[in-house]
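Spelled out, the chains give:
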Amino acid sequence: MSKSNSIILDEKKIYEVKDLASETRRFFGVCPNVPIANDIKFLLEKQGIILCEYPFPDTNGTHTYGNITCFKTDKETFTFIGLNTSSFYDEQIFAIAHAIYHYKTQLGKAYTPDMEYEDQVIEKMADRFAAELLLPEEALKAAVMKEIGKSDMKDVSEARLLRFIARIQCEWWLPFQAIANRLLEEGFIDEGQYDKLCKIDCRNENGMYRRLLKNIDLEISELLNKKTKTIGVSNRVVETIINNYEDRFIDDDEFVRTLALFDKRPEDFGFDMDAEMDDDLKDFFESEDD
């Protein structure tokens, strides 16, 4: 997710993105005035997308929020979203919504093997889709109208604008930068206001914005600004691993080690394997605990 004005989408592309975001919400059965927020993870199941969560470290100053990958077999196509949980939680939600655009359109590196670099226009459309999916235009406009009685925030004070953004973030769970982008994209603020917003350190515990967010909802403020670093995978994958073990396609050692990849153990699913666990596996789990 980048600053809104780095790449400009034309009217046709914006219409296509808005239309696809509306259609996706209808498919999920979510009304335009209802936040998706954390439920986006559960909605992936309706799309048959497998979510894999892992805290990947930064590499050479770059930071990947999420990535979508497709595997095809003779009978089935599997779609995975790899989610970097070392990013902030609001960024994780946005990254999932971004990846859904690639899934819906089948555009991007995951669907074009010979594409060496991400197409910047496609990535911009994916970002715009994510923002539209998580915070539809009509919901944002209704919030602006309720706040000041008109669809123009160009003459409001910076403090009032920040309070408005904080309330939006607590309800809709988008990152601060994404909300600033939405306000500019829909014409609710001007470039000067936008530039000032982009200079704000929204993660600073002692900064004005973070203090506002905490006062509106401390619990949500802490969650959205947390690097969860969780390790996990969709229940569909775990069930497949368990079924393969019960059907004896994999042995005890492979079963234990495969579950461990996702920070899980056999006893989490009702298996008592202590008696059968060899010394190597016991050493493996002891090293994991360290």
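A few points on the structure.

### A closer look at the overall build of the protein
Looking only at helices and strands, the protein has 13 helices and four strands in total. For the protein, the proportion of its 290 residues judged to be buried stands at 43%. A total accessible area of about 15700 Å² is found for the protein, and carbon and sulfur atoms account for 48% of it.

### Describing the side chain of Q177
For Q177, the position within the fold is in helix α7 (residues 176-185). Residue Q177 is classed as buried on the basis of its relative accessible area of 18%. Here the side chain of Q177 touches Y194 through a polar contact of 3.2 Å, side chain to side chain.

### Some points on a negative patch on the surface
A cluster of acidic residues, D263, E267, D268 and D272, forms a negative patch at the surface. Since its relative accessible area comes to 57%, D263 is described here as exposed.

### What about the nonpolar core?
I40, M153, I165 and L183 are the most contacted members of the largest nonpolar core, which has 65 residues in total. In terms of residues, this core owes the most to one element, helix α3 (residues 89-105), which gives nine residues. Leaving out residues up to four positions away in the same chain, I40 has contacts with I93, I96, A97, I100, L133 and L134. The next biggest cluster of nonpolar side chains, apart from the first, holds 14 residues, and it includes I50, V233, F255 and V256.

### Structural notes on the environment of F56
By the element assignment, F56 lies in the loop between β1 (49-54) and β2 (66-72). Put simply, F56 and S86 are 30 residues apart on the chain and 6.2 Å apart in space, counted from C-alpha to C-alpha.

### Brief notes about the layout of surface pockets
Taken as a whole, the second largest pocket holds about 300 Å³ of empty space. In this structure, the second largest pocket is lined by 13 residues; those nearest its centre are A142, A143, K146, I168 and E171. When residues of the lining of the second largest pocket are traced back to their parent elements, those giving at least two are α5 (137-148) and α6 (158-172). Among the elements that take part in the lining of the second largest pocket, α5 stands out by supplying six residues, more than any other. Residue composition of the lining of the second largest pocket, grouped by class: seven nonpolar, one polar and five charged.

### Let's talk about the packing of aromatic side chains
The final tally for this structure, using the stated rule, is eight aromatic pairs. Geometrically, the ring pair formed by F176 and Y209 is edge-to-face, given 4.7 Å between the ring centres and 65° between the ring planes. A residue pair is termed long-range when its members are at least 10 positions apart, and F176 in helix α7 and Y209 in helix α9 (residues 208-216) qualify at 33 residues. Each of the two residues, F176 as well as Y209, counts as buried. Members of the aromatic cluster, connected to one another through ring pairs, are Y245, F255 and F271. The residue whose ring lies beneath R203 is F88, and the NZ or CZ to ring-centre distance is 3.9 Å.

### A look at the pairing of β1
Summarising the sheet, β1 and strand β3 (residues 77-84) pair through six bridges and their orientation is parallel. Looking across to β3, one finds that I50 is bridged to F80. As defined by bridge partners, β1 adjoins strand β4 (residues 232-233) across two bridges and the pair is classed as antiparallel. Residue pairing in the sheet places E53 in a bridge with G232 of β4.

### Looking at the pattern of salt bridges
Tallying each qualifying case throughout the model produces 23 salt bridges. Across the pair K18 and E137 runs a salt bridge whose closest N-O atoms are separated by 2.9 Å. Taken together, the residues span a long stretch of sequence, with K18 in helix α1 (residues 11-28) and E137 in helix α5 at a distance of 119 residues. In this structure, R248 and D252 form a salt bridge, with 3.8 Å as the shortest nitrogen-oxygen distance. Here R248 falls in the exposed class, since its relative accessible area comes to 53%.

Cut-offs used in this document
Residues numbered from 1 in each chain as written. Predicted model: local features only at pLDDT ≥ 70, side-chain atom pairs only at ≥ 80, totals over all residues. Heavy atoms only, no water. Helix = DSSP H or I, 4+ residues; strand = E, 2+ residues; numbered from the N terminus. Buried < 20%, exposed > 50% of the residue type's maximum accessible area, 1.4 Å probe, protein only. Areas by Shrake-Rupley, 256 points an atom, 1.4 Å probe, with all protein chains shown as cover. Polar contact = N/O pair within 3.5 Å; in protein donor to acceptor, adjacent residues only side chain to side chain. Patch = residues over 30% accessible without salt bridge, like charges linked within 9 Å, V, L, I, M, F, W, Y side chains within 5 Å. Salt bridge = Lys/Arg side-chain N within 4 Å of Asp/Glu carboxyl O. Lys, Arg positive; Asp, Glu negative; His and termini not counted. Charge placed at Lys NZ, Arg CZ, Asp CG, Glu CD. Core = buried A, V, L, I, M, F, W, Y, C linked by side-chain atoms within 4.5 Å. Contact = heavy atoms within 4.5 Å. 1 Å grid on protein atoms, 1.4 Å probe; cavity = no way out; pocket = protein on both sides within 12 Å on 5 of 7 lines; lining within 4 Å. Points joined across faces, edges and corners; volume = space filled by probe spheres on them. Nonpolar A, V, L, I, M, F, W, Y, C, P; charged D, E, K, R; others polar. Phe/Tyr/Trp six-rings, centres within 6.5 Å; stacked < 30°, edge-to-face > 60°. Lys NZ or Arg CZ within 6 Å of the ring centre and 35° of its normal. Pairing = 2+ DSSP bridges.

This is a description of form; function is not addressed.
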